[in-house]
Amino acid sequence: MFRRKIYTHHYCINPTMSEEVRVLHIDDEPDFADMTATFLERENDRFEIETATDADEGLEYLNKNEYDCVVSDYDMPGKDGIEFLRMVREEYPAFPFILFTGKGSEEVASEAISAGVTDYLQKESGTEQYELLANRIENVVTQSRAEQKLKKEQAFIEQAIDTLDDILYVIDTDGSLRRWNSRLSEVTGYTDAELSEMKTYELFPEEHRESAFSVAEEALSAGQATFEVEMLTSDGDRIPYEFTGARLTDAEGRLMGIVGIGRDITERKERERDLRRTQERLNLAVEGAGLGVWDWDIESGEINHNEQWAEMLGMPPEEGVVSIESVRDRFHPKDLPESEEKTQEVLEGKKSRYDKEIRRETTDGEWIWIRTVGRVAERDEDGQPTRAVGVNIDIDERKKQKKELERYKTFVESSSDLITHMDADGTVLYQSPAAKEVFGYEQEDLVGDNAFEYVHPDDRERAAEEFYAIIENSAKDSGKVEYRALGADGEYIWTESVGKDQRNTEAGGVVINQRDISERKKKEKRLDEFASVVSHDLRNPLSVAKGRLELAQEDCDSEHLENVEDAVDRMDVLIDDILTLAREGSDVGEMKTVETEKIIEDCWSNVETGNATLVTQLERDVEADPRRLKQLCENLVRNAVEHGSTRSRTEYDEAVGHGDENVTVTVGELDEGDGFYVADDGDGVPEEKHDEIFETDYSTSEQGTGFGLRIVEGIVEAHGWDIEVTESQDGGARFEINTGDS
């Protein structure tokens with residue numbers, strides 16, 4: 001914006017060239033220096049020349065006196081003209097300095113320019129050189145005085161701008177702050193150095209940045225725009241501001257950015273709030289706190305009402321008068337007798353007012369709950385009621401919420417899973433009654449304690465990481481983790497916990513759904529032991545069988561040995577699938593964002609596909625365990641190739657796929673965008689066998705183990721997804737995986 005450094009020096013620059021020009025000339029030859037002074041003063045009677053014979057003397061003169069320009073020789077004893085120039089530049093960065101030398105060369109000129117010389121002139125033999133030197137002096141002094149005048153004017157303008165209460169700013173086309181006045185630093189608390197590194201949008205809360213971008217685009221396109229926004233200070237405070245911006249262009253009309261002002265509207269906002277409060281109070285008084293106000297003329301039977309009264313029942317707001325009969329007709333039959341009884345008690349003076357909850361029918365035929373409160377406002381001389389007034393309150397939503405709350409309460413209190421509500425640091429705020437069944441604690445025992453204190457020390461770090469990942473990662477609002485938790489009897493219990501971030505709701509904090517998985521862990525342990533047995537006790541003899549088979553094939557050539565080899569290979573695959581099911585089961589590792597298109601292509605290259613063709617119509621990412629997702633895709637691709645043969649078959653059961661048919665496998669995105677599918681153009685799966693296809697003993701291939709699709713289903717369930725087999729567009733099999741992340 002308008003913050004930049006202004007260099008000031010203690011040498012004097014006269015305001016106009018009509019005044020005297022004082023020149024300091026340094027030359028080690030006094031006669032030449034005197035002659036130069038004579039000619040220069042003859043060329044311009046405003047010139048006053050003083051001479052020095054070396055650099056040190058010249059610097060001493062320059063520090064004591066006021067000059068407009070320095071003219072220096074190059075070749076001098078002690079310090080040469082370039083060294084003297086550097087000394088001058090250290091003290092006076094912008095002072096006019098002309099190098100007037102008899103030793104002219106490109107090297108000297110280049111060195112002088114690098115050192116910051118203002119002008120460079122080579123000595124000649126004739127007197128014309130003094131006229132040229134005089135012109136050079138006049139030019140550099142004129143330019144220097146103009147620059148100093150401009151700097152003073154700029155300093156004056158910036159000082160004036162800095163005294164403003166408003167923020168003045170210039171934004172570059174890339175959104176960075178280009179210039180600003182001191183008010184911006186004063187308001188935000190950021191230094192000029194910090195502001196120079198910031199983008200404009202960083203001064204606004206995240207929820208307002210999109211609006212700020214839109215307004216900036218409007219200013220650039222329409223020429224000007226205004227919007228109100230809260231501005232962030234370095235301390236995180238928010239100050240309401242109104243910003244007006246206009247398109248900024250250069251002389252040629254090229255877009256340079258946006259220039260504008262920002263005005264603190266705190267006081268205005270407070271006045272507006274006060275005005276709104278006053279208006280709200282007025283509305284509350286006139287319209288019965290925003291409720292349905294009614295006025296019943298008992299003698300005529302007419303009821304006057306405000307717009308809210310009519311809107312509750314779906315009636316036109318302008319319909320301001322209705323009959324008591326039409327009102328009674330809209331009462332729910334079950335509520336009418338009690339309502340009439342309470343109304344009559346008030347009319348007879350037995351009670352001062354009535355307050356009842358009834359159901360009323362809207363013009364759309366819907367029944368809504370309304371609370372109606374009324375009293376007699378006027379009676380005649382005989383004490384008979386002539387006028388009653390009151391209000392109607394729409395309590396339909398409250399009734400629904402109460403019913404919904406009761407439903408949730410019933411669910412939470414009857415669930416066998418433990419529901420825990422914690423704040424952001426892990427402090428237990430509430431636990432459901434299942435705390436007794438799962439851990440043996442009374443419902444209130446752990447309230448106020450930190451939940452992580454009850455997690456097994458070996459699992460505590462892992463559980464905390466998952467919990468705080470939900471808190472700290474805005475893109476991750478839920479998570480699942482298994483760990484051991486301490487029961488009331490002092491024993492640790494294996495549990496599975498699913499956490500859900502509720503900080504953006506009225507409840508706040510995090511809600512944990514926790515269940516006892518001790519039995520599952522025991523089963524997994526037995527499965528792991530079983531897998532070890534399978535891996536050792538079956539693979540070893542199988543390896544011996546393979547070795548013996550190779551020896552037998554070397555000794556003789558028999559078609560029976562080929563059958564044996566097929567059987568041994570199938571047994572090897574069968575053991576691999578059993579180990580996959582036993583060891584990995586329904587577990588998943590770390591969830592990452594996976595490019596499904598790439599993983600499908602990798603799977604295709606890892607599977608024997610023969611002449612099959614892959615068509616990929618999938619361009620989406622999915623949150624998954626990359627290794628398990630790859631297993632899932634490889635099994636689906638292998639299944640499609642092996643069972644998707646397009647040759648004619650009469651029964652799906654009779655299919656024996658070998659991957660050598662011209663089957664086409666298509667991978668694409670579900671229509672709803674919440675998953676993907678793998679399909680082939682074969683004969684498909686008979687509908688009556690859709691429920692059997694994921695069973696472990698189901699296979700239509702002589703080479704199949706029956707475990708492939710069971711593994712697929714396990715991986716799908718482990719991720720919390722759904723899988724369904726349907727018919728593809730070409731009549732083949734289509735497996736749809738719904739990831740639920742649309």
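Please refer to the structure placed before this passage.
Residues numbered from 1 in each chain as written. Predicted model: local features only at pLDDT ≥ 70, side-chain atom pairs only at ≥ 80, totals over all residues. Heavy atoms only, no water.

### What about the sheet that holds strand β8 (residues 224-232)?
No. 1: Ordered by their spatial adjacency, five strands build an open sheet running β7-β6-β10-β9-β8, and the pairing between neighbours is antiparallel. With one partner strand each, in any of the chains shown, β7 (177-180) and β8 form the two edges of the open sheet. Between one strand axis and the next, the sheet turns by 30° as a mean value, whatever way the strands run.
No. 2: Pairing geometry for strand β6 (residues 167-172) and strand β10 (residues 255-264), over six bridges, is antiparallel. Bridging across to β10, tyrosine 169 finds its partner in glycine 260.
No. 3: Against the sheet, helix α8 (residues 206-222) contacts β8, β9 (238-249) and β10, and its axis sits at roughly 155° relative to β8. (Pairing = 2+ DSSP bridges. Helix = DSSP H or I, 4+ residues; strand = E, 2+ residues; numbered from the N terminus. Axes fitted to C-alpha atoms, helices over the stretch in contact; angles between N-to-C directions. Contact = heavy atoms within 4.5 Å.)

### Description of the sheet that holds strand β1 (residues 21-26)
Hydrogen bonding along the main chain pairs the strands of a sheet, whether they run parallel or antiparallel.
No. 1: Spatial strand order, β2-β1-β3-β4-β5: five strands in an open sheet with parallel pairing. Since the sheet does not close on itself, it has two edges, and those belong to β2 (47-52) and β5 (119-122), each with one partner. Across the sheet, the mean angle separating the axes of adjacent strands is 20° when strand polarity is ignored.
No. 2: Here four bridges tie β1 to strand β3 (residues 69-72), and the two strands are oriented parallel to one another. Note on β3: the bridge partner recorded for histidine 25 is valine 71.
No. 3: Strands in contact with helix α3 (residues 81-91) are β1, β3 and β4 (97-101); relative to β4, the strand with the most contacts, it is inclined by about 170°.

### Looking at the packing of aromatic side chains
Between two aromatic rings, the relevant description is the distance of the centres plus the angle of the planes.
No. 1: Summed over the entire model, instances satisfying the criterion amount to 16 aromatic pairs.
No. 2: Arranged with centres 6.4 Å apart and planes meeting at 45°, the rings of phenylalanine 32 and tyrosine 130 form a pair that is tilted. Of this pair, phenylalanine 32 sits in helix α1 (residues 30-43) while tyrosine 130 sits in helix α5 (residues 128-162); the two residues are 98 residues apart in sequence, bridging distant segments of the chain. You'll find phenylalanine 32 and tyrosine 130 in the same group, each marked buried.
No. 3: Where phenylalanine 452 meets tyrosine 468, the ring centres are 6.1 Å apart and the plane angle is 25°; that geometry is what we call stacked. Separated by 16 residues along the polypeptide, phenylalanine 452 in the loop between α14 (434-439) and α15 (457-472) and tyrosine 468 in helix α15 bring together distant segments of the chain.
No. 4: Feature note: the residues Tyr169, Phe204, Phe227, Tyr241 and Phe243 constitute an aromatic cluster, connected by ring pairs.
No. 5: Positioned over the ring face of phenylalanine 100 is lysine 123, at 5.8 Å from the centre of the ring. (Phe/Tyr/Trp six-rings, centres within 6.5 Å; stacked < 30°, edge-to-face > 60°. Buried < 20%, exposed > 50% of the residue type's maximum accessible area, 1.4 Å probe, protein only. Lys NZ or Arg CZ within 6 Å of the ring centre and 35° of its normal.)

### Considering the packing of helix α2 (residues 55-64) against α3
No. 1: The interhelical angle for the contact between α2 and α3, taken along N-to-C directions, is 25°, at an axis separation of 10 Å. It follows that α2 is roughly parallel to α3 by the angle criterion. Judged by the twist between their axes, the crossing of α2 over α3 is right-handed. Touching Ala55, Asp56, Gly58, Leu59 and Leu62 of α2 are Phe84, Met87 and Val88, all from α3.
No. 2: When the residues that make up the contact of α2 with α3 are grouped by side-chain class, the tally is six nonpolar, one polar and one charged. (Parallel < 35°, antiparallel > 145°, perpendicular 65-115°, else oblique. Left-handed = near helix turned anticlockwise from the far one by under 90°. Nonpolar A, V, L, I, M, F, W, Y, C, P; charged D, E, K, R; others polar.)

### Points about the nonpolar core
No. 1: Leu629, Leu632, Leu636 and Phe735 are the most contacted members of the largest nonpolar core, which has 36 residues in total.
No. 2: Secondary-structure elements contributing two or more residues to this core are α18 (596-606), β24 (621-624), α19 (626-643), β25 (664-669), β26 (675-680), α20 (708-718), β27 (722-727) and β28 (733-738).
No. 3: A total of seven residues in this core trace back to one element, the largest contributor, which is α19.
No. 4: If we ignore the near neighbours within four places in the chain, the residues touching leucine 629 are Val594, Ile599, Val622, Ala624, Phe676 and Trp721. (Core = buried A, V, L, I, M, F, W, Y, C linked by side-chain atoms within 4.5 Å.)

Fair warning: the whole summary comes from geometry, so function is off the table for now.
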